[in-house]
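Reading the structure
Spelled out, the chains give:
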Amino acid sequence: MSGSIRILHVDDDPKFADLTATFLEREDDRFTVETATSATDGLDRLTEETDCIVSDYEMPVTNGIEFLEAVRDEYPDLPFILFTGKGNEEVASDAISAGVTDYLQKQSGTQQYELLGNQISNAVEAYHSKRSLTTDETTVEAESLSADGDRAPYRSAGPRPTDSAGDRIGLVGPGRDISARRERELDLKRQKRQFEAVFNNPVSFVGILDPDGRVRRANEPARDFIDVPVGEIVGEPFWETSWWDHSTELQTDIQERIDRAADGEVIRFDADHYGPDGERVVMDGMVYPVTDTDGRVTAIVATGRDITEQREREHVLKKIQEVTADADRSFTEQVDELLSIGRDALGMAYGTFSRIDGDNYVIEAIRGPPGAPDPGHSMSLSETVCERTVRNEETVVIEDLEQERPESSDRAEFLEAACYIGTPVTAAGDVYGTLCFADERPADEFSEWEITVVDLITQWVSYELTRQKTQDRLKQQNERLERFASIVSHDLRNPLNVAEGRLELARTECESEHLDDLAQALDRMSALVDDILALAREGERVSETEAVDLAALSETCWRNVETPGATLVTDTDRTIRADRSRLQQLLENLVRNAVEHSSASSRPAADDAVDHGGESVVVTIGDLDGDTGFYVADDGPGIPEDEREKVFESGYSTSDEGIGFGLSIVGEIAKAHGWVSSVTESDEGGARFEIADVELAEE
């Protein structure tokens, strides 16, 4: 075959499509490759000049099988090769049913393009041969136009006419329509190519067995795994071949699978096997029957994939999860074990967790062979490979340090490492140190999986350090808060008690209008001390709750608050779970806020005082509609809409007399319970405080 071969490559990854085009055009100088990124685009670019289509399977909107079916409607014989990363029996079966010419699974490396080029050449050659006129001395096969314009192949036999010079002219005469036979031949060829494409899957072991389990064929990956000439196992019982280890239990399991397949069953399995070198291989596969038109089993197919690497990765992830979830281990013990897991997964001699202290590199944990430095060992950061990791604040991967290190450099390299992979460890956003692995021999190449293992371990270490740092900071804050509360409760309350006592003595000895102002000032100071202490306490999360009758507790709170002339309306029958004393303080603060701020309204207290608060304020405690929470509402002056978002902040008050802690305490108590607090306008135009997400007590 000569001349240009025009190939249309359809793949939704333009970078991979361009790469494939480049390698195909290198494989064969006859190839000219045009790319498209979707099936729709591919159909638009498809012309009579196209010799072959190479298509991916997984594409948005229209997948490769649907694209193939659309192509077959217009070009029933055009070579179509499915070149896909999704390789399994289901996809292959669908492709065969749709009339695919060939099937190839994407692999790493450039060898796949050589194989793809060969498939394209063979398919196009067969395609062109079919379209050409085939003749011999006595037989001619060609295409003719029927009366309705359709092309149909025919076969004629007889002598070929020649001219006076002996050159052949015309065609032999009478012929017969061989469309059906030609279609059957093409269908058989297509099925054979499709079968060979599936059978020769480069990543799956495939064996074709007789119904009694004797080996009939084995593909190349299976033969490579067996490592013996295929002739030595053909005709042998599958379970006795050197493909499998010879343990009686495993042979029995394999024979049982084959017997079940011979009875028409499809069996999936996941088991450990051993290659000829004794190395453990985890196999995932199927054993299933092939039947004829009468349903009789004519063959058995055994397939398998080596998933050892996948299982090993899953095992590594499981070990990491177990270590990080083990609350009984200390942080240091967990880090030590993670370093050990990382060393094994990467095949490295050293695993190290360090802390950066100024210009020094301090080892906090290390796993390595005898002679490795001990934890606590310190050196100059500039003498270590980790210096680059810290400076760049990103993962550093070096397969061969000798090639990376300038010849003129005389700086020492940590652990005399020949290869290195390290990541920065952070705590609360700041670089704390590094977590690295090194070996005394250069590495061929670090895989994405190996880099991911190091990143996963580092992320957990960084998270734990950040959590510890946050806990330490909160502990210090709590200690300062406790010292502050102690000062407030002792150093301020004692002088207040003395002042209040002296005030009482002064009242017995003299009369003065200043004494009432002094009493009011002392009351405010005492309330301020109470609120400050309460606010310090309310930051604590509620750990124990009990069933509380909301209506009954509301009545108790009402009696505890000075509410001259005010009215309470309870419109709830709920029992909720709460810390009773803290819920009582929440309700008392809301009731006190409603009464005091309604009384302190700057609005005239004449006629409209009856309708809008003042001493006649009405406070309602009721249930939230469609929610498990409750509300406390009043008919007072309300809170301006632009101020509602900050009502729970410390220091907020709508009254000149307020100290601004009451509502802040309400917000903290709600937060400590896990409730959501908010404020809006009541039906009467006053303030309405809503407490949502409250847990109801079981009846």
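So, here's what we can say about the structure. (Residues numbered from 1 in each chain as written. Predicted model: local features only at pLDDT ≥ 70, side-chain atom pairs only at ≥ 80, totals over all residues. Heavy atoms only, no water.)

So, the overall build of the chain
Scanning the chain from N- to C-terminus turns up 17 helices and 27 strands. With 699 residues in all, the chain has 42% of them scored as buried. Of the roughly 37,900 Å² that the chain leaves accessible, carbon and sulfur atoms contribute 45%. (Helix = DSSP H or I, 4+ residues; strand = E, 2+ residues; numbered from the N terminus. Buried < 20%, exposed > 50% of the residue type's maximum accessible area, 1.4 Å probe, protein only. Areas by Shrake-Rupley, 256 points an atom, 1.4 Å probe, with all protein chains shown as cover.)

Section: the side chain of T458
Relative to the elements of secondary structure, T458 occurs in helix α13 (residues 448-509). Taking relative accessible area as the criterion, T458 reaches 4% and is therefore assigned buried. Apart from the residues within four sequence positions on either side, T458 is in contact with T423, P424, V425 and L435. (Contact = heavy atoms within 4.5 Å.)

Describing the sheet that holds strand β24 (residues 618-623)
Adjacent strands of a sheet pair through backbone hydrogen bonds, lying either parallel or antiparallel. Read from one edge to the other, the open sheet built from 5 strands follows the order β22-β24-β25-β27-β26, with strand pairing classed as mixed. Where the open sheet ends on each side, the last strands, each with one partner, are β22 (567-571) and β26 (676-681). Direction aside, the axes of adjacent strands within the sheet are offset by 15° on average. Note: β24 against strand β25 (residues 630-634), 5 bridges, orientation antiparallel. Paired with T620 across the two strands is A633, which belongs to β25. (Pairing = 2+ DSSP bridges. Axes fitted to C-alpha atoms, helices over the stretch in contact; angles between N-to-C directions.)

Digging into helix α5 (residues 111-131)
Given a rise of 1.5 Å per residue, 21 residues ought to cover 30 Å, and the 31 Å separating the end C-alpha atoms of α5 matches this to within 8%. Buried within α5 are the following residues: Q112, Y113, L116, G117, Q119, I120, S121, A123, V124 and Y127. Here the buried face of α5 lies against β1 (5-10), α1 (14-27), β2 (31-36), β3 (52-55), β4 (80-84) and β5 (102-105). (Expected span 1.5 Å × (residues − 1).)

Things to note about the environment of R441
Checked against the element boundaries, R441 lands in the loop between β20 (430-439) and α13. Of the residues examined, R441 reaches a relative accessible area of 59% and is grouped as exposed. A C-alpha to C-alpha distance of 9.1 Å links R441 and E399, two positions 42 residues apart in sequence.

Quick look at the nonpolar core
In a soluble, globular protein the nonpolar side chains are often hidden away together inside. Counting residues in each nonpolar core, the largest one holds 36 residues, and the members touching the most others are L583, L586, L587, F630, W675 and F689. Every element with two or more residues in this core is listed here: α15 (550-560), β23 (575-578), α16 (580-599), β24, β25, α17 (662-673) and β27 (687-692). With 7 residues, α16 is the single largest residue contributor to this core. When sequence neighbours within four positions are dropped, the list of residues in contact with F630 reads L550, I576, L583, L586, L587, G622, D623, L624, F689, E690, I691 and V694. If you look at the next biggest cluster of nonpolar residues, it comprises 27 residues, including V335, I341, M348 and I457. (Core = buried A, V, L, I, M, F, W, Y, C linked by side-chain atoms within 4.5 Å.)

Details of the sheet that holds strand β18 (residues 396-398)
The 6 strands lie next to each other as β17-β16-β15-β20-β19-β18, forming an open sheet whose pairing is antiparallel. Bordering the open sheet on either side are β17 (378-380) and β18, each of which pairs with just one other strand. The sheet shows a mean angle of 25° between the axes of neighbouring strands, direction not considered. Sheet analysis places β18 next to strand β19 (residues 419-427), joined by 3 bridges and oriented antiparallel. Counterpart to V396 in the pairing with β19 is G422.

Description of the packing of aromatic side chains
Per the stated rule, a full pass over the model turns up 8 aromatic pairs. Between the aromatic rings of F67 and F80, the centroid separation amounts to 5.5 Å while the plane-to-plane angle is 65°, which identifies the pairing as edge-to-face. Of the two residues, F67 sits in helix α3 (residues 64-74) while F80 sits in strand β4, which places them 13 residues apart along the sequence. Accessibility classification places F67 together with F80 in one group, the buried group. (Phe/Tyr/Trp six-rings, centres within 6.5 Å; stacked < 30°, edge-to-face > 60°.)

Some remarks on the pairing of strand β14 (residues 297-306)
In this structure, strand β10 (residues 204-209) lies alongside β14, joined through 6 bridges in antiparallel fashion. For S204, the partnering residue across the bridge sits in β14 and is R305. Examined bridge by bridge, strand β13 (residues 280-291) and β14 share 9 bridges and lie antiparallel to one another. Of the residues in β14, the one forming a bridge with D284 is R305.

A word on the packing of α1 against α5
Running from N to C, α1 and α5 point in directions that differ by 70°, and their axes come no closer than 9 Å. In terms of axis orientation, α1 runs roughly perpendicular to α5. As α1 packs across α5, the resulting crossing turns out to be right-handed. Touching F16, L19, T20, F23, L24 and E27 of α1 are Y113, E114, L116, G117 and I120, all from α5. (Parallel < 35°, antiparallel > 145°, perpendicular 65-115°, else oblique. Left-handed = near helix turned anticlockwise from the far one by under 90°.)

Some points on unusual backbone geometry
Although it is not a glycine, E393 adopts a positive phi angle of roughly 55°. For E393, the location among the structural elements is in the loop between α11 (386-392) and β18. Look at A428: it is not a glycine, yet its phi comes out positive at around 55°. Note that A428 resides in the loop between β19 and β20. Using a relative accessible area of 41% as the deciding quantity, one classes A428 as partly exposed.

Let's talk about the pattern of salt bridges
Oppositely charged side chains may form a pair once their charged atoms are brought near each other. Inspection of every chain in the model, using the stated rule, returns 25 salt bridges. Among the salt bridges present, the one from R30 reaches D28, with a minimum N-O distance of 2.7 Å. Per residue, the accessibility class of R30 equals that of D28, and both read buried. What you see here is one network of salt bridges that share partners, running through D11, D56 and K106. (Salt bridge = Lys/Arg side-chain N within 4 Å of Asp/Glu carboxyl O.)

Overview of the packing of helix α9 (residues 308-324) against helix α10 (residues 331-346)
One way to put it is that α9 packs onto α10 with a least axis distance of 10 Å and a crossing angle of 175°. Comparing their axes, α10 and α9 come out roughly antiparallel. Residues V316, K319, I320, V323 and T324 of α9 form the contact with α10, whose participating residues are Q334, E337, L338, I341 and A345.

Overview of the environment of V461
Examined against the element boundaries, V461 turns out to sit in helix α13. For V461, a relative accessible area of 0% translates into the label buried. Sequence separation of V461 and T434 is 27 residues, and the distance between their C-alpha atoms is 10.0 Å. If we ignore the near neighbours within four places in the chain, the residues touching V461 are F331, V335, F353, V425 and L435.

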